[in-house]
Amino acid sequence: MTPTPRRDLLRAGAALTAGGAFVTGCGTTGTATAAPPATTSPTAPSASPHRFPFQVTHGPRTAASVALTFHGQGDPTLADQLLRTAEQHGAHLTVLAVGSWLDAYPAMARRILDGGHDLGNHTQRHVAINAMAEADARKEITDCAERLRRLTGSIGTWFRPSRTPTASPLVARLAAEAGYPHVLSYDVDSLDYTRPGASAITRKVLAEVTGGSVVSMHFGYPDTVAALPAVLQELNRRGLRAVTTTELLS
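Colleague: I keep staring at the pairing of strand β7 (residues 214-218) and nothing clicks. Help me out?
Modeller: Within a regular strand, side chains alternate between the sheet's two faces. For β7, the buried fraction is high: five of the five residues fall into the buried class. Judged by which residues are buried, β7 turns out to be covered on both faces: Val214, Ser216 and His218 on one side and Val215 and Met217 on the other are all buried. Pairing between strand β2 (residues 65-72) and β7: five bridges, direction parallel. Bridge pairing links Phe70 to Met217 in β7. Sheet topology note: the strand β6 (residues 188-189)/β7 ladder contains two bridges and is parallel.

Colleague: I would appreciate a short explanation of helix α8 (residues 222-237) in the present structure.
Modeller: Residue pairs spaced three or four apart in an α-helix point in one direction, given the helix's 3.6 residues per turn. Relative to the 22 Å expected for 16 residues at 1.5 Å per residue, α8 spans 24 Å between its end C-alpha atoms, a close match to the ideal helical length. All buried positions along α8 are accounted for by Thr224, Val225, Ala227, Leu228, Val231, Leu232, Glu234 and Leu235. If you follow the buried residues of α8, they end up packed against β2, α2 (76-88), α7 (198-208), β7 and β8 (241-243). In the segment just after α8, Gly239 is the residue with positive phi, at about 80°.

Colleague: Just to check I follow, could you spell out the environment of Tyr180 for this structure?
Modeller: Take Tyr180: it is sitting in the loop between α6 (169-178) and β5 (183-184). C-alpha separation for the pair Tyr180 and Gly120, spaced 60 residues apart in sequence, amounts to 9.6 Å. The residues touching Tyr180, leaving out its near neighbours within four places in the chain, are Phe54, Asn121, Ile141, Ala145, Leu148, Ile155, Gly156, Thr157, Trp158, Phe159 and Ala175.

Colleague: Which parts of the structure should I look at to understand the confidence of the model for the protein chain?
Modeller: Interpreting fine coordinate detail is not advised for predicted regions of low pLDDT. Per-residue confidence for the protein chain gives a mean pLDDT of 85, with 79% of residues at or over 70. This stretch, residues 1-51, has a pLDDT under 50; its non-local contacts, to residues over four places away or in other chains, come to 98 contacts.

Colleague: Any chance you could explain the pairing of β2 here in plain terms?
Modeller: With eight of its eight residues buried, β2 lies for the most part within the structure. Covered by surrounding structure in β2 are Ser65, Ala67, Thr69 and His71 together with Val66, Leu68, Phe70 and Gly72, the residues of both alternating faces. Of the pairings in the sheet, the one linking β2 to strand β3 (residues 94-97) comprises four bridges and is parallel in character. Considered in β3, the bridge of Phe70 is made with Val95. The parallel pair β2 and β3 is bridged by α2, and the resulting crossover is right-handed.

Colleague: What am I meant to see in the pattern of salt bridges here?
Modeller: Between side chains of opposite charge, a pair can form when the charged atoms approach closely. This structure, assessed with the given rule, holds 18 salt bridges. For Arg111, the salt bridge goes to Glu87, with nearest N and O atoms at 3.0 Å. Of this pair, Arg111 sits in helix α4 (residues 107-114) while Glu87 sits in helix α2, and the two are 24 residues apart along the sequence. In this structure, Arg138 engages Glu177 in a salt bridge whose closest nitrogen and oxygen atoms are separated by 3.7 Å. Note that Arg138 is positioned in helix α5 (residues 134-152) and Glu177 in helix α6, a separation of 39 residues in sequence. Shared partners join several salt bridges into a network, and the residues in it are Asp80, Arg84, Glu87 and Arg111.

Colleague: Would you explain the side chain of His218 in this entry?
Modeller: Mapped onto the elements, His218 comes out in strand β7. A distance of 2.7 Å separates a polar atom in the side chain of His218 from a polar atom in the side chain of Asp192. Beyond its immediate sequence surroundings of up to four residues, His218 is in contact with Phe70, His71, Leu82, Asp192, Tyr193 and Thr224.

Colleague: What's the story with α4 in this structure? I'm lost.
Modeller: Taken together, the buried positions of α4 are occupied by Met108, Ala109, Arg111 and Ile112. For α4, the angular spread of the buried residues around the axis is 165°, confining them to a single face. With respect to the buried face of α4, the exposed residues turned more than 90 degrees away are Ala107 and Asp114. Contacts from the buried residues of α4 go to α2, β3, α3 (99-104), β4 (118-121) and α5. Within two residues after α4, Gly116 carries a phi angle of roughly 85°, on the positive side.

Calculation rules
Residues numbered from 1 in each chain as written. Predicted model: local features only at pLDDT ≥ 70, side-chain atom pairs only at ≥ 80, totals over all residues. Heavy atoms only, no water. Buried < 20%, exposed > 50% of the residue type's maximum accessible area, 1.4 Å probe, protein only. Helix = DSSP H or I, 4+ residues; strand = E, 2+ residues; numbered from the N terminus. Pairing = 2+ DSSP bridges. Expected span 1.5 Å × (residues − 1). Contact = heavy atoms within 4.5 Å. pLDDT = per-residue confidence, 0-100. Right-handed = clockwise from strand over helix to strand, strands pointing away. Salt bridge = Lys/Arg side-chain N within 4 Å of Asp/Glu carboxyl O. Polar contact = N/O pair within 3.5 Å; in protein donor to acceptor, adjacent residues only side chain to side chain. Arc of directions from axis to C-beta.

Given below as structure tokens:
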């Protein structure tokens, strides 16, 4: 297969031809939510002509690649260290940024994109969005989208709900109305936010990851930075590249 240029992948939106089953993540198993009718906007990523679940948990199991996705908030110095480590290993990540974090550290938006990584929306304040009233949940999504648009010219391709692995039907509809073709979940949870230590993070990820996996990790934790080299080295030994979600699902 001829590789697609990375610049095109980052601009491609969600042109996904993902195969296999899609299930919910974060320690629970369930049925993926069907795609709600999406409204388009001038800044929305281009929609895919292919049919697949609106809430995506993993890519094709035949893929020789995985997506390492990061909840974007916390100490920007640690975030930069993690990004540089990934880049030194030839890896590209997906960062779902919290809007209030972008308000505090606006330069991080361009830093992420300039490193060849994906950048998406993880709500404005990282609160329990599935429990919110419609108007408040909409504001969480659109406020973060506006930060992304102002800083980068795009709302980003990916939306991940906060404090939950999957979006409720209401939040899924609001995300679609805001211009996001997909809700991005995951099938491997590193549990790095529990601060188990770098070795435990490495073991957890490598015990569960397989071709097409989407791994949930976090900025802001020194153990995650320390674990990343070993994770990337073992993925490489297994013949699995760490790529952006856009590339994994293209």
